[in-house]
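Residue strings, one per chain:
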Amino acid sequence: MQIPYNDEELQTQREMIRLRRDFHAHPEEGWCEFRTTAAIVRVLENLGFAVLTGENVIAPDARMGVVEERLAAARLKALEEGADATILDRMGDLTGCVGVWKTGRPGPVTAFRFDIDALRGVSESLSPEHRPAALGFASPVPNVCHACGHDAHTAVGLGVARWIASHAHELTGTVKLLFQPAEEGVRGAAAMAKSGVVDDCGWLFGSHVGCEFGPNEIGILTEGYLATTKMDVFFEGTPAHAGSDPEKGRSALLSACAAVMSIQGLPRHSGGDSRVSIGRIEAGEGRNVVAAHGRLELEVRGATKEVNDFLADEVRRIVHGMAEVYGVKGKVVKTGESCRYVCDPEAVAILEDVAKVLPDKTKATVFTTERGSEDCAVLAERVRSLGGKAGFFCFGTRHKGHHRPDFDVEDEDAMLLAWRVFTGVLARLHHV
């Protein structure tokens, strides 16, 4: 348990828990985070931050995996739930925001990234044994919930904002707090990077709750997470009566099934770990109709960009080949993409230095990983490509596993640990 050791920490801890539970009870999937973004903007501006929204932080043409028909409904729902209409007007159809604090004194430009979206595809448990349900802040939205802890990330970001406003007289340079949409499916960081909002940053740090770390533990990443590409595949065939004249048809269902078997059997790569996952297939219109439509949702991952790109290119080759074999049309649409996360030794050293003075016997571990993928890597690479440095850490908590109906940040005091790390970084890079 993270024990507050002064009044500032106690108040911050209480506020982060309050905010986290509010966001948890109002989950919004990627690109639909209108209420969430409006709430963040309101808090930041009340603290004195300059806040960027809309095309100042998101390049519309770089968004991936946008389901346009969901945006209007999400925006209306946000209004019904009390979102500020003037803030929504500033945002337009683009969620996410960046709080900017300029101290007016020379110093570095540092960005912290916090993802804000909930997960689509999981309905939260309503069992009385599940703490959010028992305490009344579980998701009321079918098939959408905070099953990965981004609600906690957002609350930590606002806790850090509160610290910056209170300690501004002690700081130098500029701090940017990036509240990024659409991390799930690795769809949002590319659009935020392309906006140029981090191009002046000398440092960027991100974090994640849980993963393989427990209470009072932090993991300091050196390198890891898998490069990944998410793809939707569409087959368009020719319908026909399956009994009277099947020869006139061309089956999108058969081409989709053949593609599944071939893609799942792709050769792996000697350059490092690789993954192929086909998570969904749907096809056909009826029992006695040659199927006119088929669709796959899939992903590939690789230890390096080269391994990932090899798999993605093979998927495209197979889709086009199967379309030719079965006489149908095939199309591959990229819906998300991220790269390997590489942390700079200087950033790792700063996090290690911060960890040395954390209270409550916090255990710090330097680690690499080949598990999962992390959208923040795209922002990190943007900063690194322009001469900056990037770092990343995990802060532990009790949980039953990510992307499950019963996921919860069971030890909400874990947010105070993350807050201490972020503010510790600022104290080392930006202190007068």
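Our subject is the structure that appears above.
Residues numbered from 1 in each chain as written. Predicted model: local features only at pLDDT ≥ 70, side-chain atom pairs only at ≥ 80, totals over all residues. Heavy atoms only, no water.

Visitor: Go over the packing of aromatic side chains, please, and point to the residues and values.
Guide: The description of an aromatic ring pair rests on the distance of the ring centres and on the angle between the ring planes. As enumerated under the stated definition, the model contains 11 aromatic pairs in all. Aromatic side chains Trp 203 and Phe 205 sit 6.2 Å apart centroid to centroid with 10° between the ring planes, which places their arrangement in the stacked category. Residue class for Phe 205 comes out buried when judged on its relative accessible area of 0%. By way of ring pairs, the aromatic residues Phe 112, Phe 114, Phe 179, Trp 203, Phe 205, Phe 393, Phe 395 and Phe 422 are connected into one cluster. Over the aromatic face of Phe 234 sits the side chain of Lys 331, whose NZ or CZ is 5.5 Å from the ring centroid. (Phe/Tyr/Trp six-rings, centres within 6.5 Å; stacked < 30°, edge-to-face > 60°. Buried < 20%, exposed > 50% of the residue type's maximum accessible area, 1.4 Å probe, protein only. Lys NZ or Arg CZ within 6 Å of the ring centre and 35° of its normal.)

Visitor: An account of the pairing of strand 2 (residues 97–102) is requested, with residue identities and associated values reported.
Guide: Judged by how many residues are buried, strand 2 sits mostly within the fold: five of six residues are covered. Pairing between strand 1 (residues 50–52) and strand 2: three bridges, direction antiparallel. Paired with Leu 52 across the strands is Val 98, a residue of strand 2. (Helix = DSSP H or I, 4+ residues; strand = E, 2+ residues; numbered from the N terminus. Pairing = 2+ DSSP bridges.)

Visitor: Lay out the layout of surface pockets with the relevant residues and their values.
Guide: A water-sized probe rolled over the atoms picks out the places where empty space is left. Within this model, the largest pocket holds a volume of roughly 1600 Å³. Lining of the largest pocket is provided by 47 residues; of these, Leu 119, Glu 184, Gly 185, Lys 230 and His 403 occupy positions nearest its centre. Looking at the lining of the largest pocket, the elements with two or more residues in it are strand 4 (119–120), strand 9 (227–236), strand 10 (274–283), strand 11 (293–302) and strand 12 (329–338). When residues of the lining of the largest pocket are assigned to their parent elements, the largest contribution, five residues, is made by strand 11. (1 Å grid on protein atoms, 1.4 Å probe; cavity = no way out; pocket = protein on both sides within 12 Å on 5 of 7 lines; lining within 4 Å. Points joined across faces, edges and corners; volume = space filled by probe spheres on them.)

Visitor: An account of the sheet that holds strand 10 is needed here, citing residue identities and associated values.
Guide: Overall, antiparallel pairing links the four strands, which are arranged 10-11-9-12 in an open sheet. Unpaired on one side and paired on the other, strand 10 and strand 12 mark the two borders of the sheet. Strand-to-strand, the axes of this sheet are offset by a mean angle of 15°, without reference to chain direction. Sheet analysis places strand 9 next to strand 11, joined by 10 bridges and oriented antiparallel. (Axes fitted to C-alpha atoms, helices over the stretch in contact; angles between N-to-C directions.)

Visitor: Please provide a residue-by-residue account of helix 10 (residues 345–356), values included.
Guide: For helix 10, with 12 residues, the first-to-last C-alpha span of 17 Å sits near the 16 Å given by 1.5 Å per residue. Residues of helix 10 that are buried in the fold lie against strand 7 (203–209), strand 8 (217–224), strand 14 (363–369), strand 15 (389–395) and helix 12 (414–429). (Expected span 1.5 Å × (residues − 1). Contact = heavy atoms within 4.5 Å.)

Visitor: A description of the environment of Gly 279 should follow, citing residues and the corresponding values.
Guide: With respect to the helices and strands, the residue Gly 279 is situated in strand 10. On the basis of relative accessible area, Gly 279 is assigned to the exposed category, the value being 66%. Separated by 192 residues in sequence, Gly 279 and Ile 87 have C-alpha atoms that sit 37 Å apart. Aside from chain neighbours lying at most four places away, what touches Gly 279 is Glu 297 and Leu 298.

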